[in-house]
Amino acid sequence: MIDDTRHTFIATAAFGLEGLCKRELMRLGFEDAKAELGGVRFSASLTEAFRACLWLSCADRVLLVMAEGECRTFEELFQLVRNAPFSETLPRDAAIPVSGRCARSRLMSVRDCQAITKKAIVEHMRSAFHTASLPETGPRYQVDVALHGDVARVTVDLCGDALNRRGYRTWNGEAPLRETAAAALVTLSGWHGDTPLHDPCCGTGTLLIEAAYRAARRAPGLTRAFDIEKWPYADARALREIRKDAEEQFDPGLIPAISGSDISEDALTLARRHIRQAGLEGRINVFRKDLRDLQLREENVCFLTNPPYGERLGDRKQCEALYRQMKPLLARHPGSRLCVITSHPGFERVAGLRAQKKTRLYNGRLECNFMRF
Ligand SMILES: C[S@@+](CC[C@H](N)C(=O)[O-])C[C@H]1O[C@@H](n2cnc3c(N)ncnc32)[C@H](O)[C@@H]1O
């Protein structure tokens with residue numbers, strides 16, 4: 001079935017990444033993309049929205065907005081959902097799990113909001129399909145009801161697994177960076193794939209893989225599945241075309257010298273595994289080295305790193321000793337620059353460096369600074 005009806009979507013993004021996500025959407029051709037708290041709103045057909053799922057690197061999910069409106073009572077919520085066009089998007093056998101969230105709203109019980117939403121969808125579907133039974137044996141349509149203040153937003157998730165699940169990370173090392181955050185740091189670093197890139201505290205290799213994907217024009221979601229691909233009302237042939245186009249754009253030959261080092265052999269074992277699972281074996285070199293002894297052959301290196309933050313008491317001294325090694329590292333590599341994310345508020349003082357540019361963002365729950373030197 002061809003579907004060119006326009007819908008409203010929200011690409012959700014971590015706090016601080018909404019602007020980057022908006023720019024990504026604009027580059028993908030979604031010209032009306034508008035950033036709001038926690039995401040970016042844009043309009044598209046279902047088919048076009050699949051392109052966003054496949055290509056967005058720093059968004060968490062792509063949600064189809066089914067209904068939005070003020071709801072002060074459960075009856076208002078029920079009517080809002082009951083009147084939303086679910087039967088135009090969901091088939092009769094759709095499996096419809098419902099999740100929920102409430103923040104500063106009169107309707108405080110998340111469970112009740114979920115139950116009312118589900119009841120209203122079921123009633124809508126029964127009436128639209130003239131049936132008493134909805135088997136829910138078909139494809140998944142994950143519905144979410146979110147109340148912020150007294151405004152309810154009811155959405156259906158196109159993705160399934162969150163977008164950070166690219167498919168290459170199966171083991172988490174110590175404090176790994178989310179794939180979406182790593183992709184955001186690659187963008188913020190200003191690196192364009194035209195100089196060598198090295199992560200001297202590479203851990204499980206997330207920054208390296210995301211940088212290589214960017215350089216190789218590899219869609220982040222290329223090898224994973226999305227819920228929308230199983231939806232009967234989406235245009236399956238058009239979705240396959242979009243995948244095929246993304247496969248053709250992927251060119252590993254574009255990847256410049258990308259390498260990483262770490263003091264921990266365990267972390268490197270994971271990094272090698274992830275690099276292999278990301279389809280980048282032979283394209284990224286990782287090796288064991290203490291940052292203080294690191295000497296690369298290349299010049300004009302972009303050092304991009306997520307070092308330890310010393311969050312736990314007792315770790316701080318060790319981590320500051322590492323920060324003091326960053327300036328000598330730069331001095332040993334003429335023409336190079338350094339990009340660091342850390343929650344340590346005194347990084348510049350300890351490292352004896354002054355950032356040219358600083359961006360505040362979150363790594364999980366930790367408020368961090370991303371700094372370019
Ligand atoms: C926060 S983790 C990096 C996580 C990584 N970005 C990822 O996604 O997996 C910090 C890393 O710094 C490494 N490290 C600590 N001290 C180091 C040193 N002196 N030289 C090199 N690496 C070091 C740790 O082994 C750890 O893997």
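Computed from a predicted model, the values in this text were never measured in an experiment. (Residues numbered from 1 in each chain as written. Predicted model: local features only at pLDDT ≥ 70, side-chain atom pairs only at ≥ 80, totals over all residues.)

The strand order S2-S3-S1-S4-S7-S6-S5 describes an open sheet built from seven strands, whose pairing is mixed. At either end of the open sheet lies a strand with only one pairing partner, and these are strand S2 (34–36) and strand S5 (98–103). Ignoring strand direction, the axes of neighbouring strands in this sheet form an average angle of 30°. Alignment of strand S1 (residues 7–12) against strand S3 (residues 39–44), held across six bridges, turns out to be antiparallel. Its bridge partner being in S3, threonine 12 is matched across the sheet by glycine 39. Here helix H5 (residues 110–128) sits on the sheet in contact with S5, strand S6 (142–148) and strand S7 (151–157), set at roughly 135° to S5. (Pairing = 2+ DSSP bridges. Helix = DSSP H or I, 4+ residues; strand = E, 2+ residues; numbered from the N terminus. Axes fitted to C-alpha atoms, helices over the stretch in contact; angles between N-to-C directions. Contact = placed C-beta atoms within 7 Å.)

Taken together, 21 residues form the shell around the ligand, and within it Cys201, Gly203, Thr204, Thr206 and Ser264 come nearest. Here the shell around the ligand is built from residues that sort into twelve nonpolar, six polar and three charged. (Near = placed C-beta within 6 Å. Nonpolar A, V, L, I, M, F, W, Y, C, P; charged D, E, K, R; others polar.)

We now examine H5. Compared with an ideal rise of 1.5 Å per residue, which puts 19 residues at 27 Å, H5 spans 27 Å between its outermost C-alpha atoms and is within 8% of the ideal. Regarding H5, the residues found buried are Cys113, Ile116, Thr117, Ala120 and Ile121. All buried residues of H5 project into a common sector of 130° when viewed along the axis, lining one side. Summarising the contacts, the buried residues of H5 are in contact with helix H3 (74–82), helix H4 (86–89), S5, S6 and S7. Of the residues one or two after H5, histidine 130 is the one with positive phi, at around 50°. (Expected span 1.5 Å × (residues − 1). Buried ≥ 20, exposed ≤ 12 C-beta atoms within 10 Å, placed from the backbone. Arc of directions from axis to C-beta.)

Here the focus is the sheet that holds strand S13 (residues 357–363). What the seven strands build is an open sheet, ordered S10-S9-S8-S11-S12-S14-S13; its pairing is mixed. Unpaired on one side and paired on the other, strand S10 (284–288) and S13 mark the two borders of the sheet. With strand direction ignored, the average angle separating the axes of adjacent strands in the sheet is 20°. As judged from the three bridges shared by strand S8 (residues 197–199) and strand S9 (residues 258–262), these two strands associate in the parallel manner. By the bridge assignment for S9, aspartate 199 is matched with glycine 260. Against the sheet, helix H7 (residues 206–215) contacts S8, S9, S10 and strand S11 (302–305), and its axis sits at roughly 175° relative to S9.

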